[in-house]
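Listed here are the chains, written in short residue letters.
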2 protein chains.
Amino acid sequence: MSRAERLLDLIQLLRQYRYPVSGAVLAEALGVSLRTIYRDIATLQAQGARIDGEPGLGYLLRPGFLLPPLMFSDEELEALVLGSRWVADRADDALGAAAHSALAKIAAVLPDDLRHDLDTNALLIGPGAPLPAAEADLAVLRQAIRRERKLVLDYRDQHGTTSQRIVWPVALAFFDRVRVLVAWCELREGFRHFRTDRIAALNPSDQRYPRRRQALLRDWRESQGIPPR
Amino acid sequence: MSRAERLLDLIQLLRQYRYPVSGAVLAEALGVSLRTIYRDIATLQAQGARIDGEPGLGYLLRPGFLLPPLMFSDEELEALVLGSRWVADRADDALGAAAHSALAKIAAVLPDDLRHDLDTNALLIGPGAPLPAAEADLAVLRQAIRRERKLVLDYRDQHGTTSQRIVWPVALAFFDRVRVLVAWCELREGFRHFRTDRIAALNPSDQRYPRRRQALLRDWRESQGIPPR
DNA sequence: ACACTACTGACAGAATCTGACAGCAGCACC
DNA sequence: GGTGCTGCTGTCAGATTCTGTCAGTAGTGT
């Protein structure tokens, strides 16, 4: 048996236990040495499996690694499909692919009749206003926001003059025709909005900005008079 | 990337296709040779995955799983949240509420760190073009589409003249400023598009229309030159 | 006939895997 | 404190697997 197959078996095996299993038991069940079990567990953990190893007890797979069965109403499915279609059509490619992939995962855990509803969903996104042809890589922006990392921007303002700034990216807003990065600007010491199609160059940095994104977002909302959701 | 990881990716990739996909496409997507895809497919089949391979067509994963999907990635969650926010902002109230409750159901099965990601998601929907103030009740339209029921419409065309028609509602398309009902019109014996803000009166009927919605949708797509998804 | 596809076998070099051994650390029980 | 159970890590060399390439067969639809 190949290692790949054994790893799949190991997941299945761990799924069956509701109490901790010792590595020795797993090794015995899979016909492999204990050392190899340790390596396999590490590999699964690297792929996102939450496997708790307690000395003296054994291993336990915590929920949240695999998607459990889900139930949705007709309307909830319609909402999910329509939303995903909008993302696929109007956001960046990476996010569109993620929307598609998420929907496929949901479909896989639905009962047959609901999966059929999802597949035959008849809410469509019509073509919209053209999006800017060239713009900053939104995937990079999204990752910097998610990880709270500083960004170095070359930005062309509405007069055509370019400036370089270090900003703390806080949010990304999607409008019908443009996308706007919300960020704290170190230069201006204030929140600024940057149209993604006017970002001439974009350099992600590994430096984490000092305040939490959630707090910044709250301040920004307040500064704009936007009620918290 | 390890083979085990690639096998999981391959399953997820196959899940995303509802029509057969060729091995060459899979090889391209996973960055390996075609021969390796054949080997991987064989491995998955040996593990119990039901993958049909048709010469001349490609591969299709039948529902029912070897392994449930892996938990959502952070990008997939971003896509789901953004899509739901768009629905909440730009679709009708009932669908917006459904988007919220769907998201709540998803949040309920997330591990803590991912739920935190979902709660602090920083992709926003900016205010868009104003939607028509008065329009037909979209919830009624959606239900008639879902249940394949005839509708009686009083429709005001672009010249302001009103006519009454019996239609078979097939789909609902969301544009930036308007929503359009796609329906087969019994009067004209053809597909017609009805802006929801020009529907003066709307009477759902209990009478089911004689053809299946999916077949009508296919015909409509063909008549409009829209490639099937 | 043709294009496209699934599928199989063989081979060699590259990459990975595996078991064995040695050792550390946390925990429970005696 | 000692003992036994467990998780976990590092190292190493030999065994194993994996992978791409090439060649060839066969099924399907146009």
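Refer to the preceding data block for the structure.
Here's what I pulled together on the structure shown here. (Residues numbered from 1 in each chain as written. Chains lettered and ligands numbered in written order. Predicted model: local features only at pLDDT ≥ 70, side-chain atom pairs only at ≥ 80, totals over all residues.)

1. Considering helix α3 (residues 34-46) of chain B
All names here are of chain B. The first and last C-alpha atoms of α3 sit 18 Å apart over 13 residues, in line with the 18 Å expected at 1.5 Å per residue. For α3, the elements touching its buried residues are α1 (3-15), α2 (23-30), β1 (51-54) and β2 (58-61). Of the residues trailing α3, G48 is marked for its positive phi of about 110 degrees. (Helix = DSSP H or I, 4+ residues; strand = E, 2+ residues; numbered from the N terminus. Expected span 1.5 Å × (residues − 1). Contact = placed C-beta atoms within 7 Å.)

2. So, the protein's contact with DNA strand C
Around DNA strand C there are 23 residues in total, and S33, T36 and G56 of chain A together with G23 and G53 of chain B lie nearest to it. Residue assignment for the surface near DNA strand C shows that the elements contributing at least two residues are α1 (3-16) and α3 (34-46) of chain A together with α2, α3, β1 and β2 of chain B. If you tally residues by element for the surface near DNA strand C, the top one is α3 of chain B, at four residues. Classifying every residue of the surface near DNA strand C by side-chain character gives eight nonpolar, nine polar and six charged. (Near = placed C-beta within 6 Å. Nonpolar A, V, L, I, M, F, W, Y, C, P; charged D, E, K, R; others polar.)

3. Considering the packing of helix α5 (residues 93-108) of chain A against helix α4 (residues 74-90) of chain B
Two numbers describe a pair of packed helices, the interaxial angle and the distance between the axes. Their axes nearest at 8 Å, the elements α5 of chain A and α4 of chain B cross at an angle of 90 degrees. Considering their axes alone, α5 of chain A and α4 of chain B lie roughly perpendicular with respect to each other. Mapping the contact onto sequence places A94, L95, A98, A99, S101 and A102 of chain A in α5 of chain A and E75, E76, E78, A79, L80 and G83 of chain B in α4 of chain B. (Axes fitted to C-alpha atoms, helices over the stretch in contact; angles between N-to-C directions. Parallel < 35°, antiparallel > 145°, perpendicular 65-115°, else oblique.)

4. A closer look at the protein's contact with DNA strand D
Around DNA strand D, the structure places 24 residues, and the nearest of them are S2, G23 and G53 of chain A together with R35 and G56 of chain B. Only α1, α2 (23-30), α3, β1 (51-54) and β2 (58-61) of chain A together with α3 of chain B provide two or more residues apiece to the surface near DNA strand D. The element best represented in the surface near DNA strand D is α3 of chain A, accounting for four residues. In terms of residue class, the surface near DNA strand D is built from nine nonpolar, nine polar and six charged.

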